[in-house]
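Summary of the model geometry
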Amino acid sequence: MDLSPIQNAVASGSYATIADACDELMLQVASRGIAYQEDWPFTVHLLGHIFANDLNSARFLWKSIPQGFKESKPELVAAWRIGQCLWTRDYAGVYDAIRGFEWSPEVAGLVTAFSENYTKKMFQLLSSAYSTIGVADVAHFLGMSEDEATNYALQHGWTLDSSSKMLTVKKPKIITEQKLDPSKLQRLTEYVFHLEH
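Here's what I pulled together on the structure shown here. Given the structure is predicted, the values throughout are model-derived calculations rather than measurements.

Procedures and definitions
- Residues numbered from 1 in each chain as written.
- Predicted model: local features only at pLDDT ≥ 70, side-chain atom pairs only at ≥ 80, totals over all residues.
- Heavy atoms only, no water.
- Helix = DSSP H or I, 4+ residues; strand = E, 2+ residues; numbered from the N terminus.
- Buried < 20%, exposed > 50% of the residue type's maximum accessible area, 1.4 Å probe, protein only.
- Pairing = 2+ DSSP bridges.
- Axes fitted to C-alpha atoms, helices over the stretch in contact; angles between N-to-C directions.
- Patch = residues over 30% accessible without salt bridge, like charges linked within 9 Å, V, L, I, M, F, W, Y side chains within 5 Å.
- Areas by Shrake-Rupley, 256 points an atom, 1.4 Å probe, with all protein chains shown as cover.
- Salt bridge = Lys/Arg side-chain N within 4 Å of Asp/Glu carboxyl O.
- Phe/Tyr/Trp six-rings, centres within 6.5 Å; stacked < 30°, edge-to-face > 60°.
- Core = buried A, V, L, I, M, F, W, Y, C linked by side-chain atoms within 4.5 Å.

Here we come to the environment of Ala-108. Assignment of secondary structure puts Ala-108 in helix H8 (residues 105-129). Accessibility expressed as a relative area gives 27% for Ala-108, which makes it partly exposed.

Pasting the structure below:
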């Protein structure tokens, strides 16, 4: 079984393509009746779905993995722990699951990239949902200590009220660019012309 497309995606850092590459290759191998489970990179496959934020596919993959593999592969269980925390919206638990395991070199880059993307995503959600928020809450959502969370927020333009330990959110600038499509302009012209006559 040739796992080179998956290995190349991991090696090149093309983490967003891993889940699709794994799914496609698994279907090809299974359709030929080849026994693939012994050699299959279930951890990479599962983390690929988690990286792509496809929790439903991650859950279905987890359910399809034979129990013997789950029991004999602690890294696979650790990867699923991340998925469980995401599923239950246990924000701090996601970071605990990431930091709570010594990842193999094969998946360490993927886990690190997921962690960085997840932190950015959570920070964007906080930026859009709050105008002020407590330092402890930011630390909880970003999986950091209060000092780290404060520094991270200050680096992104937020301001700190030291007396109340509250951060004031710097709202992201919303840039809307209107593109004028000639066909839309033509339809609008015809519509206005029709109304006037």
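Turning our eyes to something else, we now look at the sheet that holds strand S1 (residues 132-134). With respect to topology, 3 strands assemble into an open sheet ordered S1-S3-S2, the strand pairing being antiparallel. The open sheet has two edge strands, S1 and strand S2 (159-161), and neither has a second partner. Pairwise comparison of adjacent strand axes, ignoring direction, gives a mean angle of 30° for this sheet. For S1 and strand S3 (residues 166-168), the ladder comprises 3 bridges, and the chain directions are antiparallel. Looking across to S3, one finds that Thr-132 is bridged to Thr-168.

This paragraph deals with unusual backbone geometry. The phi dihedral of Asn-53 is positive, around 60°, even though this residue is not glycine. In this structure, Asn-53 sits in the loop between helix H3 (42-51) and helix H4 (55-64). Although it is not a glycine, Arg-89 sits at a positive phi angle of roughly 60°. Positionally, Arg-89 belongs in the loop between helix H6 (74-87) and helix H7 (91-99). You can call Arg-89 exposed: its relative accessible area is 61%.

As a further point, take a nonpolar patch on the surface. On the surface, a cluster of nonpolar side chains totalling about 490 Å² of accessible area is made up of Leu-185, Leu-188, Tyr-191, Val-192 and Leu-195. For Leu-195, the position within the fold is in helix H11 (residues 182-196).

The next thing to look at is the packing of aromatic side chains. Using the criterion set out here, one finds 9 aromatic pairs in the structure. Arranged with centres 5.3 Å apart and planes meeting at 10°, the rings of Trp-62 and Trp-80 form a pair that is stacked. Of this pair, Trp-62 sits in helix H4 while Trp-80 sits in helix H6; the two residues are 18 residues apart in sequence, bridging distant segments of the chain. Here Trp-62 matches Trp-80 in class, with each residue buried. When the centroid spacing of 4.6 Å and the interplanar angle of 25° are considered together, the rings of Phe-123 and Trp-158 count as stacked. Of the two residues, Phe-123 sits in helix H8 while Trp-158 sits in the loop between helix H10 (146-155) and S2, which places them 35 residues apart along the sequence. Judged by its relative accessible area of 3%, Trp-158 is buried.

Moving on: the nonpolar core. In this structure, Trp-40, Leu-46, Ile-82, Phe-114 and Trp-158 are the most contacted members of the largest nonpolar core, which totals 57 residues. Sort the elements by how many residues they give to this core and H8 lands first, with 9 residues.

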